Every structure is written in structure tokens, then in C-alpha cells.
Protein chains: 2
Amino acid sequence: MKNLLRSKKLRVTDFRLAVLTIFEQHKNAISTEQIENELGEFDRITLYRTIKTFIEKGIIHEITMPGNIKKLALCHDNCNAKEHQHQHIHFRCNSCAEIFCLDIDDYPEINLKGYQIDAVEIQAKGICKNCA
Amino acid sequence: MKNLLRSKKLRVTDFRLAVLTIFEQHKNAISTEQIENELGEFDRITLYRTIKTFIEKGIIHEITMPGNIKKLALCHDNCNAKEHQHQHIHFRCNSCAEIFCLDIDDYPEINLKGYQIDAVEIQAKGICKNCA
DNA sequence: AAAATAATTGCAACAGTATTGCAAAAAGAT
DNA sequence: ATCTTTTTGCAATACTGTTGCAATTATTTT
């Protein structure tokens, strides 16, 4: 974890390590609220800033879906400030409401005449393995 | 427009017609802020409620993307409260920041072993026709 | 066409989410 | 150990959205 921060030219602080630890303890994407609950005592503003920094540096990525759903998950690929590139899809279970980052073998190509496509994000909804 | 509201069992009111008119005047997806600006005098709470109702009834759909991007667009398919089904992708231009609902011929199939997929939403980012 | 009914609106108050500026504290470099 | 720069924590503020309730308006019934 310390190396991850250093590789992104971020200082290693207790706060950042605490937040990273929470991310690593969760397989699935988590909400800001969940982080708040698990942090114990903390400063909200610092948390928002930490999240923003992590997103900019490509440590975590944001997943948003209609209905004010907003979650965060660790990047597994090597992302950066400019572009997050994930070869996985975001799956939301309609039963347990968990959001999973799932790898797929053949990531579909999208072609649109006249449009230059730099990044594609795929979201799916349904029933997950555990709830099925 | 009146028939659209009636078909969804909603009362025809000036406010709703005004909001619908704004949607029809825009080819691309628009933000709540844009609607507010174009409405002239209005009540914000009523607008939020109108938007919520329209989404629930399948008149408009929400498009969300990382970075607190949230836009709204008319549904062209016949959507309903339970599920919005669009055979188009959402394209965001990195240059003009517009969000387009674009039809594609071959909407990709997504398969995930063990997961039941009910809906798929595809988002793309790049450079649009006009900006290219 | 008027009265009854039911949905919608507008206001007040409030809640949640997020940002900015700034001084103090902490991390990393010399 | 000291210096420099980043990060934190606090105060204040802004934005986005919601709830309850009374007044108004649209539709239905008579």
C-alpha cells in the first residue's frame, strides 16, 4: 500500500492508509457512506479530498448509475489522471444491491460512424451469482 | 405531448408541458441546471418532482457518469417504471461535453457465467462528429 | 356546468453531499 | 535537525435533493 501511494507520488499518511485498507477489505465496490462508517473517527472533508486524489491518480474509480447510486472501487489496471481504462464491466445486483467489477473475456468493440471512441464503460443489471 | 402524459396516466399541467417542451427542443441530453435556466420562473421542488415522475413513468431517462455528470433525455423506446430499455449508447464528447443518445446497429450481448443479466447500459467517451 | 374527488403545486424547513480558504500539523528532502 | 512542501482539520458555504402540508388545479361525477 505504501508503495502504491509512493508510485503515484503521494505522501504516505495514516489517513490514506486507513482508506486504502478499507478498499482492500472489500471485494466489491463501496460507497462513501460505507467508508465513513468503517473509518471510525475522521474528518469528512479530508475523506472527500482523499477520494478525489485517489481518483485523479488512478488508484480508485467511480461507478455511477441512475438513481443516485455512486460507488468506488480499486483500479486493477494501471489507470492515471487522464483516463481510467478497465477491461471489466460493472454489474449491479437487483437483489443484494452490490456492485461488482467483473472481468469479461471478449470486451465488445463499439463503432459509431463519425465518432472517435476513446473509452467504453459497460454497466449491467440483473441477479448476481450469490443471489441466483 | 398531452397524449404522452395521458398515456402514462399523468395529469396535463402547464408545468409538465413546459418541461416536456424543453426536452423536445434539445436533441441531446440536458442537465437539471439547463432546464432551470430555460424554465424562467418556476419552483425547484416541483421541477425535481416532475423529473422524478417522468423517470418513473418512462418518459425520460437519467444518464450518469463519473465526475458528477448527470443528464436527462427523452426515452424513445417505450419504457416504464420497472425498467428503462434503450437500444442506444450514451456518448460523451470530451471536447464539447455534450451527451448524445446514439443508436447502434448491433447492440452487443454481454454474457457472464452465473450472472443473470436483465439490462445493459453502454457509455462511451471520445470526440463527436461535430468536434472531430 | 357545477360540485366532488384526486392529483399536483408551491412554500417552509431540512438533510445529504461536496467544495473552498486558511492555519496548523505532518511527511519527505536537505 | 531543519527546511520545504504536502496534507489535514476546521469554519463557512454552496449545491442538490427530499419531506410534510396547505392551497390550487385537473379530471371525474353528478
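Before going further, it helps to spend a moment on the packing of aromatic side chains. According to the stated counting rule, one finds six aromatic pairs over all chains in the structure shown. Ring geometry for Phe-100 of chain A versus Tyr-115 of chain B: centroids 6.0 Å apart, planes at 70°, classification edge-to-face. Pair noted here: Phe-100 of chain A is in strand β4 (residues 99-103) and Tyr-115 of chain B is in the loop between β4 (99-103) and β5 (116-127), and the two residues belong to different chains. Each of the two residues, Phe-100 of chain A as well as Tyr-115 of chain B, counts as buried. Through a chain of ring-to-ring contacts, the aromatic side chains of Phe-91 and Phe-100 of chain A together with Tyr-115 of chain B assemble into a single cluster.

In the neighbourhood of DNA strand D, 17 residues make up the surrounding shell, with Arg-11, Thr-13, Arg-16 and Arg-49 of chain A together with Arg-44 of chain B lying closest. Taking the atoms of DNA strand D that fall within 4 Å of the protein, sugar and phosphate contribute 55% of them. Between DNA strand D and Thr-46 of chain A, the relevant distance is 3.5 Å, taken from a phosphate oxygen to a side-chain nitrogen or oxygen of the residue. In the environment of DNA strand D, a phosphate oxygen lies 3.0 Å from a nitrogen or oxygen atom belonging to the side chain of Lys-70 of chain B. When contributions to the surface near DNA strand D are tallied by element, the ones reaching two or more residues are α2 (14-25) and α4 (44-57) of chain A together with α4 (44-57) of chain B. Among the elements that take part in the surface near DNA strand D, α4 of chain B stands out by supplying five residues, more than any other.

When pLDDT drops low, the exact placement of atoms in the prediction is not to be read closely. Predicted confidence across chain A gives a mean pLDDT of 92, with 100% of residues reaching 70 or more. Per-residue pLDDT, averaged within each element of chain A, yields its smallest value for helix α3 (residues 32-39) of chain A (93) and its largest for α2 of chain A (96).

With that settled, consider helix α3 (residues 32-39) of chain B. Quick reminder: α-helices carry 3.6 residues per turn. Residues three or four places apart thus point the same way. Residue and element names in this part refer to chain B. Within α3, burial applies to Ile-35, Glu-36 and Leu-39. All buried residues of α3 project into a common sector of 100° when viewed along the axis, lining one side. Turned more than 90 degrees from where α3 packs its buried face, Glu-33 and Asn-37 sit exposed. Count one or two residues on from α3 and you reach Gly-40, which has phi positive near 75°.

The rules behind the values
Residues numbered from 1 in each chain as written. Chains lettered and ligands numbered in written order. Predicted model: local features only at pLDDT ≥ 70, side-chain atom pairs only at ≥ 80, totals over all residues. Heavy atoms only, no water. Phe/Tyr/Trp six-rings, centres within 6.5 Å; stacked < 30°, edge-to-face > 60°. Helix = DSSP H or I, 4+ residues; strand = E, 2+ residues; numbered from the N terminus. Buried < 20%, exposed > 50% of the residue type's maximum accessible area, 1.4 Å probe, protein only. Near = heavy atom within 4 Å. Polar contact = N/O pair within 3.5 Å; in protein donor to acceptor, adjacent residues only side chain to side chain. pLDDT = per-residue confidence, 0-100. Arc of directions from axis to C-beta.

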